[in-house]
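Take a look at the letters that make up each chain.
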Amino acid sequence: MITGHMIRRVSAHPPLGRPVFEPADRIPALTALRGHVHGRNWDSVAGSFAALTDEDDRALACRVVAEQQNAEPFLNQVMAGDPRDPLVRTLLADRLIQTGWGIRSGYRARHVSREQFQQFHAFLRRAEVLLIDVCAEYPDHALAWYLRVITSRGLELGPGETRRRYERLAEHHPHHYSGQQQLLQQICPKWGGTWESAHGFAEECAKAAPPGSPNGALVAVAQLERYLELREKEGDRAAGTYLRTPGAHQALLDAAARSVLHPAARADAYQLVGAHSAFAAAHCAAGRHAEAAAHFRALGDRASEFPWSYVGSHDHEAEFVRHRKTALAKG
Amino acid sequence: MTMDTTADRDSAADRGTTTPTTDADGITDTIVDGIRTVLAPRSGPLTAGLLFRVGRADETLATSGITHLVEHLALHRHGLGDLHYNGATAATYTHFHVTGTPADVVEYLNGVCAALRDLPMDRLDTEKEILRTEAAGKSHGPGHAATLWRYGSRSYGLTAYAEAGLHHLTADDVRTWARTRFTAENAVLWITGDRIPEGLDLKLPAGAWHPTPAATSALPVTPAYFAGDDGGVVLTAVVPRSTEAGLFAEVLGKELFRELRQKSGYSYTATADYAPRDTDYATVIAYADALPQKQDALVGAFVDVFAKLRAGRIDQADLDAVRASALAQFDTPELAACMLPGHAMNLLVRHRNLTAAEARAEIEAVTVADLHRVARAVWADALMQVPGRGVDWAGLTAAPAESSEVVTGRRYSALEEGNGALIVADDGISLSAPRGRVTIRYAECTLLQVYPDGGRHLVGGDGFTLTVEPTLYRITAAELARLDAAVPPASVVRMPPRDPGRVPQPRKTTPKAEPGTARHAWFTVLLWVLGIPAVVLGGFTALSAFVATQASRDDGIPPEDARFLLACLIVSAVFVVPWGLLLRRRQQGLN
């Protein structure tokens, strides 16, 4: 209890600086991992992953590798030397997914051209073929199943298939926060789901996860998704009104208390920054800056792009800095 | 009946079985009236089967149904009575079988052979009618559509088609087929008894044994997929016949049932089967059904079951279980009699026959590694039928759903917009429409159905079909006659007249009723303004040309006259061409 309190105090103490969004810039192990990719040092890359026991930490590490522009030739070369290695195939698959998604761009489907979709799907298919084999050979491979939840959505295989993949992931890893975030996307209305199912799933995951784990942030993410849709359709006022409903407010507080604000929360969990950010952003968008303060104190200068790109001007850095200032002044 | 001990028939002597021999299991091999015969004793009534190595895969699309017709005609005399008998026409064999007293069996088999020697052709039309009725009421197994996609309209693909030959097969055609295929050399007889029943007379025409037909292919690449219209997933693959492939299908069925039904509840039926196709190859069929809302997950789970087996994650316990079931089949009294029909079938297609001990030893020897090898072979040859969207994401290639090219030739556009055009060349015909394109090369045409009203229905060897309806396309009778002449005569089937209601007509579009498409007065004026000079100048030019050619028959048209005619032609064209275009718009009701 005291330790958690002290950490919060300590991280709030240094003068607030420019927020660091890139995980590889704020987590030393990921900084090293990125260096290993650029240095084309496969043994060290594999060693970095072996050192990570938490699957959600591994998911973020995987993303760091996959976002390196020059990773594909390196990973291809490693795979040529050891075609059966599940890690290299999985990392390469994520690199292909990232490349594909970069072509698709983050816009809603109606703004994406036919050609962009074709290229996007072609990259996802290449990833999928690698992942099918990894999942078949290692049915408990969390990273591969997690990525297949993403490819299923991108390839539009259907909500039933995306859920099946999540269930195969959850069979061995029932509280995989990164996988749950991906399924949550599929069951939101923008990908063919409903708000009932999205909120229901978020609550269910939040309640089932062990205390202190980041999964409770799914409640905030679902609320932010709905907030974003309302902003687009009905404007800022309607969106803010939704977030201020007592039900939404209480759900957020309960979820935070069970997860990131719980004393059992692991301070060095890679997903903690994203989870705090989600809670803080939801409170800020609802105008409850005082209640966001605890999350900002925990964050300090650390931040994640999502969900700050959802609020206000969509400039994640400006929004984060602005809201942090207001929140810390009030709370 | 003559027990063939004198080798009075060469072919019987060739087989070297002039004296009955009995193998380790108690199956006796002998010859009856020149027909290879196998016997094994069994208690109870006698059962016998007369197999012929001829089936639907031996036919062509234009003769499709001829084997079935022979089977029906041969059984016609056994119309009534309590005798338990039947006939079956499969892809590679025709089977007449019967159960009863020795006298019943003798009467049935003698009757079948007597009929085959002299088919009751007075029954031809009636039996054709019965076959058409039988086809209408027939339901098909899950692998049915896949045969067409895999083989096209030839060989094993023919089982996917209606019996198109029934419309035109003559008594002579049927007699010739019976005389060449339903012969002693092309037959095998099996009887559950320790000796040949008294009184058999199975004399059949002499002929030759026919090997199983070579498989044709309409699939450029495998693994492949096509979109099916029912909600299930079907995967077929052709692999060499083997004990391990048979066991693999059992393990696959277990895995599908466990994964798709027990674990996930996507399917009610989830099963796999192994079926010998010909002498050397067998088809593995996997099938699972699903409710519409579960189809996407079913396809994914189905793909993953194969990925798992391909990855070699095959439980030893599963292999042990299917092995035990396979071995249990041998723990049966009167084993030799149970093995008899299969034994006879192997003799018929000349596939190896194993004794029970040899078969057991092979089953015992199968390892997980063997099944893993089969799993990879099955996937490499897979053709998957899926509901909804394709499975390109799983590394499969779409089976061709349209022809890769169109012919270059005369173009006949559709009367109705959106139906594209027919293109006719000397060696083929294409339909090029927004829905896709189909080309049938005449040399590859397996069926041309000719209707008296002018309609033509063509089927290509690859299974693509093209229908030419003169009511829908501006194609001429002369062009149709050329088409008829270019198709191999053996593929042409002249059809009876169609019900006029079944001749398609262009949809009655009534553009005049729509705003902006009325007959405008200005358009009518324009038609006259262009039309009068077009007719006058055109007529004058034509007349001048006629006069000029008549006047100078031998030494050509003088240059000055030619220049004059050319000038007339150009001036006429200035009026005739736009007039023609406008006239067409008026006819189409556009202005």
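If you're wondering where the values come from, they're calculated on a predicted model, not measured in any experiment. (Residues numbered from 1 in each chain as written. Chains lettered and ligands numbered in written order. Predicted model: local features only at pLDDT ≥ 70, side-chain atom pairs only at ≥ 80, totals over all residues.)

### A word on the overall build of chain B
Spelled out, the test is: Runs of H or I in DSSP of at least four residues are treated as helices and runs of E of at least two as strands, each being numbered from the N terminus. For the radius of gyration, the atom set is restricted to C-alpha positions; the globular benchmark scales as 2.2 Å times the number of residues to the power 0.38. Using C-beta atoms placed from the backbone, we call a residue buried if 20 or more other C-beta atoms fall within 10 Å of its own, exposed if 12 or fewer do, and partly exposed for counts in between.
A tally of regular secondary structure across chain B gives 15 helices and 21 strands. Scaling as 2.2 N^0.38, a compact globule of 591 residues should have a C-alpha radius of gyration of about 25 Å, whereas chain B reaches 32 Å, well beyond that. Taking all 591 residues of chain B together, 41% fall into the buried category.

### With respect to the pairing of strand β11 (residues 281-288) of chain B
All names here are of chain B. The condition that has to hold: Two strands pair under a simple rule: DSSP has to find at least two bridges between them.
Of all eight residues in β11, seven are buried; the element is thus mostly enclosed. Relative to β11, strand β9 (residues 233-240) is paired through eight bridges, and the arrangement is antiparallel. Bridged to Thr236 within β11 is Ile285. Of the pairings in the sheet, the one linking strand β10 (residues 270-276) to β11 comprises seven bridges and is antiparallel in character. The partner of Tyr274 across the bridge, within β11, is Val284. Remark: four residues form the turn of the hairpin made by β10 and β11, two consecutive strands paired antiparallel.

### Quick word on the sheet that holds strand β12 (residues 383-386) of chain B
Each strand in a sheet pairs with another by means of backbone hydrogen bonds, the pair being arranged parallel or else antiparallel. All names here are of chain B. How we decide: This entry defines residue contacts through backbone-placed C-beta atoms, with two residues in contact when those atoms are within 7 Å. A fitted line through C-alpha atoms represents every axis, and for helices the fit uses only the stretch in contact; the resulting angles, taken between N-to-C directions, go from 0 to 180 degrees.
The strand order across the open sheet formed by six strands is β10-β11-β9-β12-β8-β13, and the pairing between neighbours is mixed. At either margin of the open sheet sits one strand with a lone partner, and together these are β10 and β13 (397-398). Relative to β12, helix α5 (residues 144-151) is tilted by about 130°, and along the sheet it contacts β8 (224-227), β9 and β12. Across the face of the sheet, helix α7 (residues 243-263) comes into contact with β9, β10 and β11 while running at roughly 165° to β10.

### Points about the UniProt feature "transmembrane region" (unreviewed entry) in chain B
Residues and elements named next belong to chain B. To be explicit about the condition: UniProt positions are given in the numbering used here, feature names are shortened, and annotations may be inferred rather than shown by experiment.
As annotated by UniProt and renumbered to match this structure, "transmembrane region" (unreviewed entry) occupies residues 521-544 and 564-583. As annotated, residues 521-544 has a helix share of 100% and a strand share of 0%, and its two end C-alpha atoms lie 35 Å apart. End-to-end, the C-alpha atoms of residues 564-583 are 28 Å apart, and along that stretch the chain is 100% helix and 0% strand.

### Here we look at helix α16 (residues 272-285) of chain A
Residue and element names in this part refer to chain A. The following threshold applies: Multiply 1.5 Å by the residue count of a helix minus one, and that product is the helix's expected span.
An ideal rise of 1.5 Å per residue puts 20 Å on 14 residues; α16 measures up with 20 Å between its terminal C-alpha atoms. Along α16, 14 of the 14 residues are buried, which leaves the element largely enclosed by surrounding structure. In the segment just after α16, Gly287 is the residue with positive phi, at about 85°.

### Some words on the packing of helix α3 (residues 28-38) of chain A against helix α4 (residues 42-51) of chain A
Residues and elements named next belong to chain A. This is how it is decided: Between 65 and 115 degrees an angle is taken as roughly perpendicular, under 35 as roughly parallel, over 145 as roughly antiparallel, and anywhere else as oblique. When the near helix sits turned anticlockwise from the far one by under a right angle, the crossing is termed left-handed; a clockwise turn instead gives a right-handed crossing.
Relative to each other, α3 and α4 sit at 155°, their axes nearing to 8 Å. Regarding the angle of α3 to α4, the classification is roughly antiparallel. The handedness of the crossing between α3 and α4 comes out as left-handed. Between α3 and α4, the contacting residues are Ala29, Ala32, Leu33, His36 and Val37 on the first element and Ser44, Val45 and Ser48 on the second.

### Structural notes on unusual backbone geometry
Going from Phe306 of chain A to Pro307 of chain A, the amide bond is cis rather than trans, its omega being 5°. With respect to the helices and strands, Pro307 of chain A occurs in helix α18 (residues 305-308). Here the amide bond leading from Thr222 of chain B into Pro223 of chain B is cis, since omega sits at -5°, within 30 degrees of zero. Mapped onto the elements, Pro223 of chain B comes out in the loop between β7 (187-191) and β8. If you check the backbone angles, Arg350 of chain B has positive phi at about 60° while not being a glycine. Here Arg350 of chain B lies in the loop between α10 (335-349) and α11 (356-365). The exposure class of Arg350 of chain B is partly exposed, given the 13 C-beta atoms found within 10 Å.

### Some thoughts on the environment of Ala286 of chain A
Residue and element names in this part refer to chain A. If you trace the backbone, Ala286 turns up in the loop between α16 and α17 (289-299). Residues Ala286 and Ala198 lie 88 residues apart in sequence; the distance between their C-alpha atoms is 20 Å. Ala286 has contacts with Gly240, Leu243 and Arg244, leaving out every residue within four places of it along the chain.

### Thoughts on the pairing of strand β3 (residues 35-39) of chain B
All names here are of chain B. Most of β3 sits out of view: five of its five residues are buried. Judged from the five bridges that link them, strand β2 (residues 28-32) and β3 form a sheet pairing that is antiparallel. Bridge pairing in β3 places Thr30 opposite Thr37. In textbook terms, the turn of a hairpin is the stretch between consecutive antiparallel strands, and for β2 and β3 this stretch comprises two residues, one of which, Asp33, has a positive phi near 50°. Note that β3 and β7 share four bridges and pair parallel. Across the sheet, residue Val38 finds its bridge partner in β7, namely Trp190.

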